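If you want the building blocks of each chain, they are given just below.
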Amino acid sequence: MQKPILTPAQAIEKIKSGMTLMVGGFLAAGTPHKILKELSESDVCDLTIICNDTAFPDKGVGLLIAAKKVTKAIVSHIGTNPLTIEQFNNKETEVVFVPQGTLAEQVRCGGSGLGGVLTPTGLGTVVAEGKQVITVDGKDYLLEKALRGDIALLGASIADTTGNLYYKGTTQNFNPLMAMACDTVIAEVEELVPVGEIPMENVHTQGILVDYLVR
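Residues numbered from 1 in each chain as written. Predicted model: local features only at pLDDT ≥ 70, side-chain atom pairs only at ≥ 80, totals over all residues. Heavy atoms only, no water.

Brief notes about the overall build of the protein chain
Right, on to step 1. Within the protein chain one finds six helices and 12 strands.
Right, on to step 2. Relative to the globule expectation of 17 Å for 215 residues, the C-alpha radius of gyration of the protein chain, 17 Å, shows essentially globular dimensions.
Right, on to step 3. Counting only contacts in the protein chain whose residues sit at least 6 apart along the sequence, the fraction spanning at least 24 positions is 69%.
Right, on to step 4. Within the structure as shown, the protein chain displays about 10000 Å² of accessible surface, and the carbon and sulfur contribution to it stands at 53%.
Right, on to step 5. Distance between charge centres in the protein chain, computed from 17 positive and 24 negative side chains, equals 2 Å. (Helix = DSSP H or I, 4+ residues; strand = E, 2+ residues; numbered from the N terminus. Rg over C-alpha atoms; globule rule 2.2 N^0.38 Å. Contact = heavy atoms within 4.5 Å. Areas by Shrake-Rupley, 256 points an atom, 1.4 Å probe, with all protein chains shown as cover. Lys, Arg positive; Asp, Glu negative; His and termini not counted. Charge placed at Lys NZ, Arg CZ, Asp CG, Glu CD.)

Observations concerning the sheet that holds strand S7 (residues 133–136)
Right, on to step 1. Spatially, S6-S8-S7 is the arrangement adopted by the three strands of the open sheet, whose pairing is antiparallel. The outermost strands of the open sheet, each flanked by one partner alone, are strand S6 (116–119) and S7. Going from strand to strand, the sheet's axes swing by 35° on average, the running direction of each strand aside. (Pairing = 2+ DSSP bridges. Axes fitted to C-alpha atoms, helices over the stretch in contact; angles between N-to-C directions.)

What about unusual backbone geometry?
Right, on to step 1. A positive phi angle, near 50°, is found at Leu27, a position not held by glycine.
Right, on to step 2. Within the element layout of this structure, Leu27 appears in the loop between strand S2 (20–23) and helix H2 (33–40).
Right, on to step 3. You will see that Lys68, though not glycine, has its phi angle at about 60°, which is positive.
Right, on to step 4. Of note, Lys68 is situated in the loop between helix H3 (62–66) and strand S4 (70–75).

Set out below in structure tokens:
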């Protein structure tokens, strides 16, 4: 099935205030830059974002932080964006810090229909505060619950017209996991090719998971 091809402006019409967004990328590599720029200039606000980090003030998810569109960020770090740190310290933005591997597993669980993951990471630290500890074979684990979002915003290198996606190098990062864990998936792509141009073994996200493409 051919996927609808949207402009960035049409893509953000799918996003409403108060939604939870999963955004692919690692320090803005593998991030849908044009969508985020359009979103940062829109009236949409009160967003919860789930992503590896908040990038930089002038790039990627950082544009949403700079425009004060985000009320909650679930991330593994914010150190590269001083605006996130400032808003966190001023209690303008709630920041939930999650160890990077745990964050990836929570998203994977959300996309796989699982309730959560048991991990020893974070035991005895502030990460464990308020969380359930489960003992298995005499060893304690934190229960980290699955994460899901309303919309996933992905950044892909190549897509075919049915929505199969390929990510070059490290731009893959969280994108394939997030494609499974959201109700709607919008992928911004650098190159659009006919079906069959992407070798099957190079399809990182299957078209059945993708709803819309932004060229």
